[in-house]
Structures are given as C-alpha cells and as structure tokens.
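The lines below spell out each chain.
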Protein chains: 2
Amino acid sequence: MSTKPRGRPRAFEPGAALDALTNVFWTHGFAAASLDMLAASAGVNRPSLYAAFGDKRTMYLRAIEKVAAQLEASIAQVLAGERPVSDELTTFYEESIAAYLDGESGPRGCLIVCTAPSSSLDEPEVKDALRAVLAMIDRGLEKRFATAREAGELATDTDVRALARVASSALHSLAIRARAGESRAQLLTLARASVALTVGVPRSRRKR
Amino acid sequence: MSTKPRGRPRAFEPGAALDALTNVFWTHGFAAASLDMLAASAGVNRPSLYAAFGDKRTMYLRAIEKVAAQLEASIAQVLAGERPVSDELTTFYEESIAAYLDGESGPRGCLIVCTAPSSSLDEPEVKDALRAVLAMIDRGLEKRFATAREAGELATDTDVRALARVASSALHSLAIRARAGESRAQLLTLARASVALTVGVPRSRRKR
DNA sequence: CTATTTTTATGCGAGATAGTACAAAAATGT
DNA sequence: ACATTTTTGTACTATCTCGCATAAAAATAG
C-alpha cells in the first residue's frame, strides 16, 4: 500500500514537531511566539517548518486543532455516563486542573482559552476556531446533562443547554486562574462549588 | 498650589492618551500592539510616549490598572446592596455584557480577561496584575453575597467565598465568549442561568 | 550509473520593531 | 533680552521578524 516516497526522507516526525510547536504557543501565545523559537523547539529549520505546516498562523491553528481534539476525547471519555453526573463532572474538572498546572516550567492554563482570545481580533480564523471549541465544550456538557436528566439525576424541567454553559464557564475560569497563578486548592474549591451548584453535591461528599 | 510648570507645555492630555493606548491593547493584546500603532492612536510621537509612560510593558500595565479601577468602581456601584442580590447581580452581568460588545469595530470582551493571560508567562508583572484583578472581582462579589446572607437572601450556611468564585467564573466566560463572537442573546442566557444557580431567580422573573 | 524527486541547510532581503540621541520649539524665571 | 527647563519631532541604530531562493544532500526509479 504505502510504498516508500520518492525523495529524501524527512529528518523529523511531523507529530512530534507539532507537539513542540504547541508547547511554544501554549507558553507564549500566538503573537509572541517567533518562528526562530518554534523552529528551535521543534529541532527543525524554518524552511522545513514552512514546508510541513505553512505559515505561522497555520501552525497556530494546527496547535489549536490538536488541543481541541484531545479535549473532545477527554470529554467523551470522562463524561461517558457510566457514573453519577456529579462524580464525572468532578473528575472532568480535576483532570482539567491537573493539565492546566503541569506545564514544563509552571502552570499555564489552557492554550485555547488563555491565548486564542488575545489574537482573535487580528486573526479571524483564530476567532472562528475559538468559537467552535467553546461550542464543542458546551455541547459535550449539554449531552451529559441531558442523559442525567433522563436518568432522573436532574429535574425534568432542567434547561440542560443553559446549565452546560454555566458548567463550561467554570472550566474557562479555571484555565485563566491557573495561568494567573492560583493554587490547586483554590482551583479545586471553585470546581467543587461549581459541581454542587450545577448538578448537586456528589454522592461521595453528601452529608447524611 | 499647582503653579505652572517650568518648560514647554504638553501638547496632549495624558489621560486621553492612556485611553487611546488602552484601546489599542484591548483590540490587539500586548505582544501584537506595536509602538507605532500606540503612538499613532494617541496622536503622539514615540519619544513623548516613552517620556510619559515608560516602555511598552509599563503602558500595558497602566492600561490594566485603568480598566481594573473602572471595574472596581462598577462593582461598588452596581452591587451596592440596595436591591435584591439577584437583581443587582443580573444588572452587573448585563452591564458587563454591554461593555464587552461595544468595541469600536465589533465585540472584544475584556482587556484583562482576554489579553492578559496570553502574555502573563512572558511578563511576570502582567501575571501579578491579572491575579490581583481576579482576586478583586472575587472579593467584590463575596462581599455582596455576605451582605445577602446576613439579609436572609441566602441560606445561613452558604459558603459565600466559593459562591463568589463561581459567580466570577461566569463573568470571565462572558468576556471570552463575547470576544469569540457569541451573540448578546447567548451571553444573556448564560448570565441569567448563572444568577439563577448562584443566588436564585430574580423576583422580577419568578413564577408564581 | 544517471536522472528524478523531495528534504535540508545556509543565507538572503525587505521590512518592522523597540528604544534613544539630538536639535529645535515653546514655555517660564530673572 | 537672555538663560533655563521641559516637550516635541526627526532621525538613527541595532535587532528581530517573516518568508523565500537556492544549492547541496539523500533517497528512489530505471
């Protein structure tokens, strides 16, 4: 099937290179990330980067797509509907917080929530990608809440759409707060309070 | 008291110049705002800008301080404790949404929430300023909720600190969503749902 | 072994960028 | 009138920036 391509083989793996690009954008944002930094981080020369990914804006959009895909997978996996909705939502926040805090040199929040808004007015495609990701998060939570409503975990008259938007808000705020330097304990306080307000106290923490 | 200064008088008003700088940073963020843009927007030459405000980073920090002061004033005024907490909180969100949507050329969210996170890892002072503003918002809401609890509008065992952090989250999200292009109606839906979840349905909208 | 194809690496080049030096300008003090 | 003080505006420098042109390198095809 995939017979060997004709010319000189690539000296780098595009997937690993995109990981490196994503890392640079995550720390510095779009505008402050220079091509020299990006190329050095990927261990590749600038022309090779251009050949593989296009210009800087395209590289940034690829990074957003990559993170968005991971996030979508995480939502599908954690909010699978196998445990009580409050437990799953708690896990979702906890895992997000862990991801926001574990940058190579300190906390850095979410690439999309924390860096895309800044460049979204100069780069319409970034704005579109940002809006799409926000909508994807809303939809993922809405779907889980709809299941919970059917299962009797939420009142039958619950507006799951609006509820999902509130639950997403906590996620956005967690990303920003993590990047601003808030402690894990502070972030967890917000996460737990948000869960309690949106879907009720988790069974494991309910007084009795 | 303020006898006239000795040398050639200023040809621009520093307050108006800072407004112009703030405007540029609001649209483009810190890194993408060039000194040429800033100077042109303020109608001033670059050396005059440097003399008045210091370097670009300092200009950006002044812009953040200015917006933070306006926000603090808005919180004190709108959440004064003169009306039911749900009404005041609704007004607070509505006014914030109006501000997020009324940029000169389209919606642009909040300068601090939408642009500061992106440069906060490269510029520690920006990170500190961002964290301080987030804490200020949390405190302002917490204070109002504490008053509401004393007034019997919230249950006596309400954790007003955690509640305030959730209410702040909605504000952060509104800022980002506005900049991403969500409609006023979408933003209002989130605002109303957040009010309902945190402090209950406003009297004016309560069924009976 | 030669031709072809694709990637790599050096390096260029046009332009933007941040910050500053310096002289002219515009005010006040004496 | 003249010196002093402060701001203005032009010009400058040194550096960075993006993106690309071009030739060498490394593979396959025949």
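Quantities reported herein were computed from a predicted structural model and do not represent experimental measurements.

Caption draft 1: Region of interest: the side chain of histidine 172 of chain B. Its place among the elements puts histidine 172 of chain B in helix H8 (residues 160-180). What makes histidine 172 of chain B buried here is its relative accessible area of 0%. Excluding its chain neighbours within four sequence positions, the residues that come into contact with histidine 172 of chain B are Ser173, Ile176 and Arg177 of chain A together with Val113, Leu134 and Ile137 of chain B.

Caption draft 2: Broad picture of the side chain of arginine 177 of chain B. Among the secondary structure elements, arginine 177 of chain B is positioned in helix H8. Polar contacts involving the side chain of arginine 177 of chain B include one to the side chain of aspartate 138 of chain A, which spans 2.8 Å. Side-chain polar atoms of arginine 177 of chain B contact the side chain of glutamate 182 of chain B, separated by 2.9 Å. Setting aside residues no more than four positions away along its own chain, arginine 177 of chain B makes contact with Leu134, Asp138, Arg165, Ser168, Ser169 and His172 of chain A together with Glu182, Leu187 and Leu190 of chain B.

Caption draft 3: Inspection of the protein's contact with DNA strand D at higher detail. Of all residues adjacent to DNA strand D, which total 25 residues, the nearest are Leu35, Arg46 and Tyr50 of chain A together with Ala11 and Asn45 of chain B. Among the atoms of DNA strand D close to the protein, meaning within 4 Å, 68% are from sugar or phosphate groups. With respect to DNA strand D, the side chain of arginine 8 of chain A contributes an N or O atom lying 3.1 Å from a base nitrogen. Here leucine 35 of chain A contributes a backbone N or O atom positioned 2.7 Å from a phosphate oxygen of DNA strand D. Elements supplying a minimum of two residues to the surface near DNA strand D: helix H3 (46-53) of chain A together with helix H3 (46-53) of chain B. Split into classes, the residues belonging to the surface near DNA strand D amount to 10 nonpolar, 5 polar and 10 charged.

Caption draft 4: Seen up close, the environment of glycine 7 of chain B. Looking at the element boundaries, glycine 7 of chain B is found in the segment before helix H1 (14-28). For glycine 7 of chain B, a relative accessible area of 58% puts it in the exposed group.

The rules behind the values
- Residues numbered from 1 in each chain as written.
- Chains lettered and ligands numbered in written order.
- Predicted model: local features only at pLDDT ≥ 70, side-chain atom pairs only at ≥ 80, totals over all residues.
- Heavy atoms only, no water.
- Helix = DSSP H or I, 4+ residues; strand = E, 2+ residues; numbered from the N terminus.
- Buried < 20%, exposed > 50% of the residue type's maximum accessible area, 1.4 Å probe, protein only.
- Contact = heavy atoms within 4.5 Å.
- Polar contact = N/O pair within 3.5 Å; in protein donor to acceptor, adjacent residues only side chain to side chain.
- Near = heavy atom within 4 Å.
- Nonpolar A, V, L, I, M, F, W, Y, C, P; charged D, E, K, R; others polar.

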